[in-house]
Amino acid sequence: MAKVWQRGFIAPQTEARPNEAKSVDWRRRMSDNIAYALLVYTALQIFVTMGALKSEGASLLPYLALVVLVGAIIPACRRFERRWNRLTEEQAHDPSMAGYFRRDRLALWVMAIGLPFALTGLFKLLALTFA
């Protein structure tokens, strides 16, 4: 660790020149999107489920919704992460991967934003049906 620090201190890395093309690392961009989507998902899950908890009273259904929501998002995000981490170094910087990245990013965000509302609505509908 000390050698790395000293090396960075003695010979600092040069910054990229403004006219150089900056290469995109699709793996890193997808990883960042997954992290932000999980934050948004968690916030929505808390607020949507808390609203359901207040309106339902003593029902266990909102708690079941929380368990299902947590169980649904983790494998899906791991699948996205695994798919993009399998790229080779060349593929990770290939501009032709932009379309695939946009497709997966859209699917990730639709899932992260839509899943809390969809499942909470489904559980509320079930509660009304069987109550």
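Reading guide: rules and limits
- Residues numbered from 1 in each chain as written.
- Predicted model: local features only at pLDDT ≥ 70, side-chain atom pairs only at ≥ 80, totals over all residues.
- Heavy atoms only, no water.
- Helix = DSSP H or I, 4+ residues; strand = E, 2+ residues; numbered from the N terminus.
- Buried < 20%, exposed > 50% of the residue type's maximum accessible area, 1.4 Å probe, protein only.
- Contact = heavy atoms within 4.5 Å.
- Areas by Shrake-Rupley, 256 points an atom, 1.4 Å probe, with all protein chains shown as cover.
- Expected span 1.5 Å × (residues − 1).
- Bend = angle between axes of the 7 residues up to and from the residue.
- Salt bridge = Lys/Arg side-chain N within 4 Å of Asp/Glu carboxyl O.
- pLDDT = per-residue confidence, 0-100.

Quick look at the overall build of the chain
Each helix and strand counted, the chain has five helices and zero strands in total. What you see in the chain, going N to C, is helices and strands ordered as α-α-α-α-α. Burial status across the chain gives 27% buried among its 131 residues. Put simply, 85% of the contacts in the chain that link residues at least 6 apart link residues at least 24 apart. Carbon and sulfur atoms provide 65% of the accessible area of the chain, an area that totals close to 9,600 Å².

Some remarks on helix 5 (residues 98–130)
An ideal rise of 1.5 Å per residue puts 48 Å on 33 residues; helix 5 measures up with 47 Å between its terminal C-alpha atoms. In helix 5, a bend of some 40° at Gly114 exceeds every other bend along the element, and Pro116, a proline, comes one to four places later. Of all the positions in helix 5, only Ala98, Phe101, Asp104, Leu108, Met111, Ala112, Leu115, Pro116, Leu119, Thr120, Phe123 and Ala127 are classed as buried.

Digging into the pattern of salt bridges
Tallying each qualifying case throughout the model produces four salt bridges. Arg27 is the salt-bridge partner of Asp25, the closest N and O atoms lying 3.2 Å from each other. Overall, the relative accessible area of 22% leaves Asp25 in the partly exposed class. By relative accessible area, Arg27 is classed as buried at 18%. The structure contains a network of salt bridges with shared partners spanning Asp25, Arg27 and Glu89.

Remarks on the confidence of the model for the chain
Mean pLDDT over the chain works out to 79, with 75% of the residues at or above the 70 mark. Within the chain, the element-level pLDDT minimum falls on helix 1 (residues 2–10), averaging 50, and the maximum on helix 4 (residues 89–92), averaging 93. Counting contacts from residues 8–21, a segment whose pLDDT is below 50, to residues more than four positions away or on other chains yields one contact.

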